[in-house]
Amino acid sequence: MVAVQKALVDRLGIGRLAAVAGGSMGGMQALQWAASYPEAVSAVVALATTHRHSPQQIAFNEIARRAVMADPNWRGGDYYDGDRPADGLAVARMVGHVTYLSDRGMERKFGRRRRGRPPEAFGADFEVESYLGHQGRRFVDRFDANSLLTLTKALDYFDLAAGRGSLTAAFHATRAAFLLLSFTSDWLYPPYQSAELAGALRQAGELGRVVTGSERKGIEHEHEQQHAVRVLQEEVPVDHQRADHEQHEEQQRQHLKRAPSTGGEARVAVRHPDAQCG
């Protein structure tokens with residue numbers, strides 16, 4: 001995936017990226033940019049990610065995949081001319097969503113509150129059940145089941161240290177600044193994995209800053225935003241006047257495509273689609 005992104009950046013004539021940022025799979029890609037193309041990246045912001053999946057992370061993804069494949073409508077992946085495997089995909093999303101929330105977070109958000117209606121046989125009587133069902137249904141409307149199978153396998157196979165000897169060796173050539181963000185409530189990408197990355201960066205002679213928030217949605221909070229902004233301001237000087245001028249010219253031309261530049265820096269965000277695992 002990153003090789004394709006690099007080919008696009010080269011085609012656009014961009015010599016160096018000011019920052020590469022992403023979470024989950026996007027975080028893996030941001031790390032891959034720094035390891036594979038160290039001369040092309042000035043800063044990396046990696047949120048809730050890891051250098052490789054643990055057995056538990058692979059297990060969560062396998063449950064999600066099995067839920068999809070057990071849906072009769074999956075039909076070996078050939079469902080595009082008929083009904084989609086909506087039930088299986090919804091269950092896969094529900095499994096993924098549970099990994100974003102800690103037991104304490106669920107207690108605070110839902111408790112054991114009921115929905116305020118007469119109980120149904122095997123129905124969604126508790127608010128947490130209703131919430132997960134809602135998340136599953138929303139996901140089905142905007143995501144493809146085969147895409148989930150493919151992306152989760154890509155996540156499971158990713159290993160930044162593979163072929164490099166060690167995780168520390170993967171970062172030997174990079175000179176980028178790193179900001180690693182994790183969340184104490186996150187089952188899927190627990191803080192110790194960001195700490196492993198930071199340790200490898202320090203052994204490689206690089207500075208990795210680790211920030212831990214309380215909940216997975218903590219990146220929306222001012223505290224975590226300030227850390228990200230500070231790293232970019234300190235490590236990636238940006239000519240805002242020039243950027244504003246270029247944006248104005250682009251609007252005047254009314255082109256959707258950016259004209260190739262003669263080099264310099266650009267900012268890119270690598271984001272993982274809203275899949276089961278991120």
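Quick caveat: nothing in here was measured; it's all calculated off a predicted structure.

Draft legend 1. Region of the structure containing helix 4 (residues 86-98). An ideal rise of 1.5 Å per residue puts 18 Å on 13 residues; helix 4 measures up with 19 Å between its terminal C-alpha atoms. Of all the positions in helix 4, only Gly88, Leu89, Ala90, Ala92, Arg93, Val95, Gly96 and His97 are classed as buried. Against helix 3 (55-69), helix 6 (127-142) and helix 7 (145-157) lie the buried residues of helix 4.

Draft legend 2. Region of the structure containing the packing of helix 3 against helix 7. Interaxial distance between helix 3 and helix 7 falls to 10 Å at its minimum, and their mutual angle equals 160 degrees. Considered as vectors, helix 3 and helix 7 are oriented roughly antiparallel to each other. Of the two possible hands of crossing, helix 3 and helix 7 adopt the one that is left-handed. Side by side, helix 3 and helix 7 meet where Gln57, Ile58, Asn61, Ala64, Arg65, Val68 and Met69 of the first sit next to Ala145, Leu148, Leu149, Thr152, Lys153, Leu155 and Asp156 of the second. When the residues that make up the contact of helix 3 with helix 7 are grouped by side-chain class, the tally is eight nonpolar, three polar and three charged.

Draft legend 3. Region of the structure containing the environment of Thr150. Within the element layout of this structure, Thr150 appears in helix 7. Residue Thr150 is classed as exposed on the basis of its relative accessible area of 54%. With 85 residues separating them along the chain, Thr150 and Arg65 place their C-alpha atoms 9.3 Å apart.

Thresholds, definitions, all that
Residues numbered from 1 in each chain as written. Predicted model: local features only at pLDDT ≥ 70, side-chain atom pairs only at ≥ 80, totals over all residues. Heavy atoms only, no water. Helix = DSSP H or I, 4+ residues; strand = E, 2+ residues; numbered from the N terminus. Expected span 1.5 Å × (residues − 1). Buried < 20%, exposed > 50% of the residue type's maximum accessible area, 1.4 Å probe, protein only. Contact = heavy atoms within 4.5 Å. Axes fitted to C-alpha atoms, helices over the stretch in contact; angles between N-to-C directions. Parallel < 35°, antiparallel > 145°, perpendicular 65-115°, else oblique. Left-handed = near helix turned anticlockwise from the far one by under 90°. Nonpolar A, V, L, I, M, F, W, Y, C, P; charged D, E, K, R; others polar.

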